[in-house]
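What the coordinates show
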Amino acid sequence: MEFFLVQLLNGLAYGLLLFMLSSGLTLIFSMMGVLNFAHASFYMLGAYFAYQCSKWLGFWPALVVAPLLVAGIGALVERFGLRTVHKFGHVAELLLTFGLAYVIEEIVHLVWGRAAVDYQIPEALNFTAFHILTSSYPAYRVFMMAISIAMLIGLYLGLTRTRVGLVIQASLTHPEMVEALGHNVPRVFMLVFAAGAALAGLAGVIGGNAFVTEPGMAAAVGSIVFVVVVFGGMGSLLGAFIASLLIGMVQTFSVGIDYSIGDLAGLFGAQIPEQFASITLARMAPMLPYLLMVMMLVMRPKGLMGTRET
Amino acid sequence: MLEVSDLHAYYGKSHVLHGVNLRVEPGEIVSLLGRNGVGRSTTIKAVMGHVHCTGSARFKSTELVGKRAYEIAHLGVGYVPEDRSIFPTLTVIQNMVLGLKGKEATGRWNMEGLFDLFPRLRERGDTPAGVLSGGEQQMLTLCRTLMGDPDLIMVDEPTEGLSPMMVENVANLLREIQKRGVAVLLVEQKLTIALAISRRVYVMGHGQIVFEGTPEQLKANADVRKEWLEV
């Protein structure tokens, strides 16, 4: 029971963090048809900027400054990169973001080196928030969840209660019509791209110190975020939300379960070779999200709540 | 008001408009007729900036070719596409609000006035537009574009698939639009409402204008109708 509750909270914290990344990716994909390969790089930049800002200014300013810096970079990428190659089609756009991901990784190598940097959670949040029976639960995890939920509410209100939110929602399905009604759709694209980058950056700020800030973090989390977006369904924010929580839970729970293939076979009275029998669910954990994605694609190509198949 | 001359457009390598010439004067209803695939829809998409084209399309003496669709809309051109392009997840009212170019309606039309013309839309104000009937969606897409107070509205096949009663509603709305001083460029395949409400008609064939005249002249010209219109 204790294990279950702690893992549930951890899964929730991780899932909400994944949504912070996948929401931006989904919005960008739905509006522009661009699967942004550099999205997780914005997450990494957020973490590194926060590390640097924390050293100079402290964690709290970093929480604001780092996402804004990443938003600025996102806006520049859209305005001078994507918009320029747009006329050559989606493949060119895809390749641009693909190349950009490598460029950002190399820049991180150059500036901060190849090893992980010492980005720590702030002292003010380094205490135990509460106890679940005998386990202590860290305050920083609670803080992560609070930031994620605040962002979730902000995103919801922004999309449903503001005029620009309506323009964005309408552009998800009919960008040409939105433009024909007189809305500056290219500017809205830039805004959404910058906002998506900012969300990824914010995820980096609060995730970089909870996990680890190193040059491989973009690739590690990037593939999981793609799984979330594909599983949830291209173009659906609700789908991305459900998939984020689900993948977050699956990843968190599976690493703590020592149930093995041998145990499963034993239930049916079967004997299997030792090298297979000893594989535990915990060891299969890294594979599970991808397995879920493959199964989803086979059974329902447009994903859980997807609105389009391309 | 709208002066299209020698307009050419291409989809990839296929040449779809071969030098289209047409004009629309302020406050008149003009119809662009022809069979499927002759380039009627492409012509108005090109004017709206949705299709890459060469040649000239001047609106109130401003060149439109090369401009983006939102700039063209701000000059006073309204566009209602054939597929209606309703925003399905948004409510009827939200769809209408998105037709506004500024914060409020200041011109010929406002939401209450349009709802008075179509009480059915008011009743369904908070319903997601995707669940409306075809006729209701057609009214919504027309009203949405009117909210932006265009001086010229280009409407692509508004009567397609509608019941005779709804077709009559569309015709009445187009007349009302004209009464308020808005020019209409109507794209139609069937002659029914086009001949009844237009001051002038163009017939297109193979990416060019093949006939220009009044509805009476077209009615009298059996050759043109036979060669370019009747199926």
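See the structure shown above.
Because the structure is a prediction, the values reported are computed rather than measured.

For the rest of this paragraph, the subject is the sheet that holds strand β2 (residues 14-24) of chain B. Residue and element names in this part refer to chain B. Ordered in space as β2-β1-β4-β5, the four strands form an open sheet in which the pairing is antiparallel. The strands lining the two open edges of the sheet, one partner per strand, are β2 and β5 (62-63). In terms of strand pairing, strand β1 (residues 2-11) meets β2 through eight bridges, oriented antiparallel. Considered in β2, the bridge of L2 is made with V24.

Our focus in this paragraph is the packing of helix α6 (residues 163-173) of chain A against helix α3 (residues 92-99) of chain B. In the contact formed by α6(A) and α3(B), the axes pass within 10 Å of each other and the chain directions differ by 105°. Classified by the interaxial angle, the pair formed by α6(A) and α3(B) is roughly perpendicular. Of the residues in α3(B), those touching α6(A) at R163(A), L166(A), V167(A) and A170(A) are Q94(B), V97(B) and L98(B). Its residues placed into classes, the contact of α6(A) with α3(B) shows five nonpolar, one polar and one charged.

To continue, consider the nonpolar core. Membership of the largest hydrophobic core comes to 116 residues, with the highest contact counts inside it found for I206(A), L2(B), L22(B), L152(B) and L185(B). Excluding residues within four positions of it along the chain, I206(A) makes contact with L17(A), M20(A), L63(A), Y140(A), F143(A), M144(A), I147(A) and S148(A). In terms of nonpolar packing, the next biggest core, distinct from the first, is built from 45 residues, L146(B), M147(B), L162(B) and A171(B) among them.

This next bit is on helix α1 (residues 2-32) of chain A. With 31 residues, α1(A) extends 45 Å from end C-alpha to end C-alpha; this agrees with the ideal 45 Å at 1.5 Å per step. Two residues or fewer past α1(A), G33(A) is found with a positive phi of approximately 70°.

Below, the discussion takes up the pairing of β1(B). All names here are of chain B. Connecting β1 to the antiparallel partner β2 that follows it, the hairpin turn spans two residues, and G12 within it adopts a positive phi of roughly 60°. Looking at chain direction, β1 and strand β4 (residues 53-59) are connected through six bridges and run antiparallel. Counterpart to A9 in the pairing with β4 is C53.

How each quantity is defined
Counting restarts for each chain: residues are numbered from 1 in the order of the written sequence. Going through the entries in the order they are written, you letter the chains from A and number the ligands from 1. In keeping with the model being predicted, local features are shown solely for residues with a pLDDT of at least 70 and side-chain atom pairs are shown and tallied solely at 80 or more, while totals for entire chains, interfaces and linings include all residues. Hydrogens and water molecules were not included; the side-chain quantities draw on all heavy atoms of the structure. Strand pairing follows a simple DSSP-based rule, namely that at least 2 bridges must link the two strands. Comment: elements are numbered from the N terminus, with helices defined as DSSP H or I runs of at least four residues and strands as E runs of at least two. Between N-to-C directions, angles cover 0 to 180 degrees, with each direction set by a line fitted to C-alpha atoms, over the stretch in contact for helices. We call two directions roughly parallel when the angle between them is under 35 degrees, roughly antiparallel when it is over 145, roughly perpendicular when it lies between 65 and 115, and oblique otherwise. Residues count as neighbours in contact if any of their non-hydrogen atoms are within 4.5 Å of one another. Residue type decides the class: Asp, Glu, Lys and Arg count as charged, Ala, Val, Leu, Ile, Met, Phe, Trp, Tyr, Cys and Pro as nonpolar, and the leftover types, Gly among them, as polar. Joining through side-chain atoms within 4.5 Å is the link that ties buried Ala, Val, Leu, Ile, Met, Phe, Trp, Tyr and Cys residues into a set, and such a set is a nonpolar core. Categorising residues by exposure relies on relative accessible area from a 1.4 Å probe, with only protein chains included: less than 20% of the type maximum marks a residue as buried, more than 50% marks it as exposed, and the intermediate range marks it as partly exposed. Expected span, for any helix, means 1.5 Å times one less than how many residues it has.

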